[in-house]
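Close look at the chain arrangement
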Amino acid sequence: MQHDAHAGHTHHQHHSHSHSHGGDGKVSWRMAAQATLHCLTGCAIGEVLGMIIGTALGWGNMPTMVLAIVLAFAFGYALTLRGILKAGVDFKTAFRVALAADTLSIAVMELIDNGVIALWPGAMDAHLADAMFWWVLAIALAAAFVITTPVNKWMIGRGKGHAVVHQYHH
């Protein structure tokens, strides 16, 4: 799954960014889906890591969820940062671009994802060894992907979000 997210990433370099400006909204669903998948990869890594750390330390649901969300943002930003820094942009600029590109996307994703997990009966108490934990996480991430993709499409169409990132991929 992780390889798929990065396989699609090579396509970023080939987009001319003319269509991301002017707000004509001509953004392909594929482009929006790739931006979302990129974000989802970071979120998923952060969340699973947060669950593993929280579980290992014997933390309760709330502190574990908070850690998972913090790490989801950290990894979500880190993946975007990596791409921008590769284009030779200084760290401060790259960091600002990553924050601008991903904050709304990650926030929506985490809201949906954690909402599904919190509302799913028994999911909060499922352990990493339980199949239920992984099933609910998969369903939650799938729901987050479906809901976040149109948000990203709308943002890119308005020259926001990942459209900003595309300017640095020449």
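Before reading further, recall that the structure is shown in the block above.
These numbers were taken from a predicted model, which means no experiment stands behind them.

Points about helix H3 (residues 61–86)
The terminal C-alpha atoms of H3 lie 37 Å apart, and with 26 residues this matches the ideal 38 Å at 1.5 Å per residue to within 8%. Just downstream of H3 lies Gly88, where phi reads positive at about 85°.

Remarks on the packing of helix H2 (residues 29–56) against helix H5 (residues 131–157)
For the pair H2 and H5, interaxial distance at closest approach is 8 Å and the crossing angle is 140°. Considering how the two elements wind past one another, H2 and H5 form a crossing that is right-handed. Here H2 contributes Trp29, Met31, Ala32, Ala33, Ala35, Thr36, Leu37, Leu40, Ala44, Glu47, Val48 and Met51 to the contact with H5, which in turn contributes Phe133, Trp134, Leu137, Leu141, Phe145, Thr148, Thr149, Pro150, Asn152, Lys153 and Ile156. For the contact of H2 with H5, the class distribution of residues is 17 nonpolar, four polar and two charged.

Focus on the nonpolar core
Membership of the largest hydrophobic core comes to 29 residues, with the highest contact counts inside it found for Cys43, Ile84, Met109, Ile117 and Leu137. Counting residues per element, the ones that place at least two in this core are H2, H3, helix H4 (91–119), H5 and helix H6 (162–166). Looking at which element gives the most residues to this core, the answer is H4, with nine residues. Not counting the four nearest positions on each side in its chain, Ile117 is found in contact with Glu47, Ala123, Met124, Val136, Leu137 and Ala140. Counting residues in each nonpolar core, the second largest holds five residues, with Val27, Ala35, Ile156 and Ala163 among its members.

A closer look at the layout of surface pockets
Put simply, the largest pocket is a space of about 280 Å³. In this structure, the largest pocket is lined by 21 residues; those nearest its centre are Met51, Asn61, Thr64, Met124 and Ala126. Of all the elements in the fold, those that place two or more residues in the lining of the largest pocket are H2, H3, H4 and H5. Sort the elements by how many residues they give to the lining of the largest pocket and H2 lands first, with five residues.

Concerning the packing of H3 against H4
Interhelical geometry of H3 versus H4 gives an angle of 145° and a closest axis separation of 8 Å. When the axes of H3 and H4 are compared, the crossing they make is right-handed.

Let's talk about the environment of Gly50
Along the chain, Gly50 falls in helix H2. Each C-alpha atom of the pair Gly50 and Val70 lies 8.3 Å from the other, and the pair is 20 residues apart in sequence. Residue contacts for Gly50: discarding those within four places in its chain leaves Thr64, Leu67, Ala68 and Leu71.

Considering the environment of Leu111
Relative to the assigned elements, Leu111 resides in helix H4. Of the residues examined, Leu111 reaches a relative accessible area of 65% and is grouped as exposed. Between the C-alpha atoms of Leu111 and Ile69, which are 42 residues apart in sequence, the distance is 9.4 Å.

Digging into the packing of aromatic side chains
Under the definition given, this model contains three aromatic pairs. Geometrically, the ring pair formed by Phe73 and Tyr77 is tilted, given 5.9 Å between the ring centres and 45° between the ring planes. Residue Phe73 and its partner Tyr77 are both found in helix H3; the two are separated by four residues, about one turn of the helix. Owing to a relative accessible area of 13%, Tyr77 belongs among the buried residues under this scheme. Arranged with centres 4.8 Å apart and planes meeting at 90°, the rings of Phe133 and Trp134 form a pair that is edge-to-face. Phe133 sits in the buried class, given a relative accessible area of 7%. Residue Trp134 is classed as partly exposed on the basis of its relative accessible area of 39%. A cation over an aromatic ring shows up here: Lys153 above the ring of Trp29, its NZ or CZ 4.8 Å from the ring centre.

Thresholds, definitions, all that
- Residues numbered from 1 in each chain as written.
- Predicted model: local features only at pLDDT ≥ 70, side-chain atom pairs only at ≥ 80, totals over all residues.
- Heavy atoms only, no water.
- Helix = DSSP H or I, 4+ residues; strand = E, 2+ residues; numbered from the N terminus.
- Expected span 1.5 Å × (residues − 1).
- Axes fitted to C-alpha atoms, helices over the stretch in contact; angles between N-to-C directions.
- Left-handed = near helix turned anticlockwise from the far one by under 90°.
- Contact = heavy atoms within 4.5 Å.
- Nonpolar A, V, L, I, M, F, W, Y, C, P; charged D, E, K, R; others polar.
- Core = buried A, V, L, I, M, F, W, Y, C linked by side-chain atoms within 4.5 Å.
- Buried < 20%, exposed > 50% of the residue type's maximum accessible area, 1.4 Å probe, protein only.
- 1 Å grid on protein atoms, 1.4 Å probe; cavity = no way out; pocket = protein on both sides within 12 Å on 5 of 7 lines; lining within 4 Å.
- Points joined across faces, edges and corners; volume = space filled by probe spheres on them.
- Phe/Tyr/Trp six-rings, centres within 6.5 Å; stacked < 30°, edge-to-face > 60°.
- Lys NZ or Arg CZ within 6 Å of the ring centre and 35° of its normal.

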